[in-house]
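# Architecture at a glance
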Amino acid sequence: MPPKHGFSDDFSASFPANAMEKALSNILSNAVKHTKSPGKVNAYFRGRAVIIENECEPIQASVLPHIFEPFYRPDFSRSRNQGSENPDGGNGLGLYITARILNTLSYRFSFEPFVGQGGEKHSGMRFTIFF
């Protein structure tokens, strides 16, 4: 019987702790910042991947090719404008740094919109790191 977590018993991943801590911290921080109440942030493993999802308005397809560029902030919800819903929109470096770290470590990753399945009507963004 396979393990319940979905990994084979010999699954392992080695990486520099400081680098991976920074990458995961950036991903989780963005997920929390851009999740509107009462939305959820979910983190889980599927096969040999770690997945972080947050319920939010999905990022438009036209914006996604630019999301890992330095200093890129796609919309008002991510601006530093004090009148916005999220005044601490950041400086546009978090996902750029994350991509640089993961590319240096030779880990594939994706960042894409998702729509809940079945009876769920939630949607948002999903960041997946493949080990």
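Anyway, here's the lowdown on the structure attached to this text. (Residues numbered from 1 in each chain as written. Predicted model: local features only at pLDDT ≥ 70, side-chain atom pairs only at ≥ 80, totals over all residues. Heavy atoms only, no water.)

## Notes on the environment of Glu 57
Of note, Glu 57 is situated in the loop between β2 (49-55) and α2 (94-104). Using a relative accessible area of 64% as the deciding quantity, one classes Glu 57 as exposed. Considering only alpha carbons, one finds Glu 57 and Gly 124, 67 residues apart in sequence, at a separation of 5.6 Å. (Helix = DSSP H or I, 4+ residues; strand = E, 2+ residues; numbered from the N terminus. Buried < 20%, exposed > 50% of the residue type's maximum accessible area, 1.4 Å probe, protein only.)

## Some points on unusual backbone geometry
Cis geometry marks the peptide bond from Ser 37 to Pro 38, where omega comes out at 5°. Topologically, Pro 38 is positioned in the loop between α1 (17-33) and β1 (41-46). The phi torsion at Phe 71 lies on the positive side, around 70°, for a residue other than glycine. Tracing the backbone through its elements, the reader meets Phe 71 in the loop between β2 and α2. Positive phi, close to 60°, is recorded for Ser 106, a residue that is not glycine. Position of Ser 106 relative to the elements: it lies in the loop between α2 and β3 (108-115).

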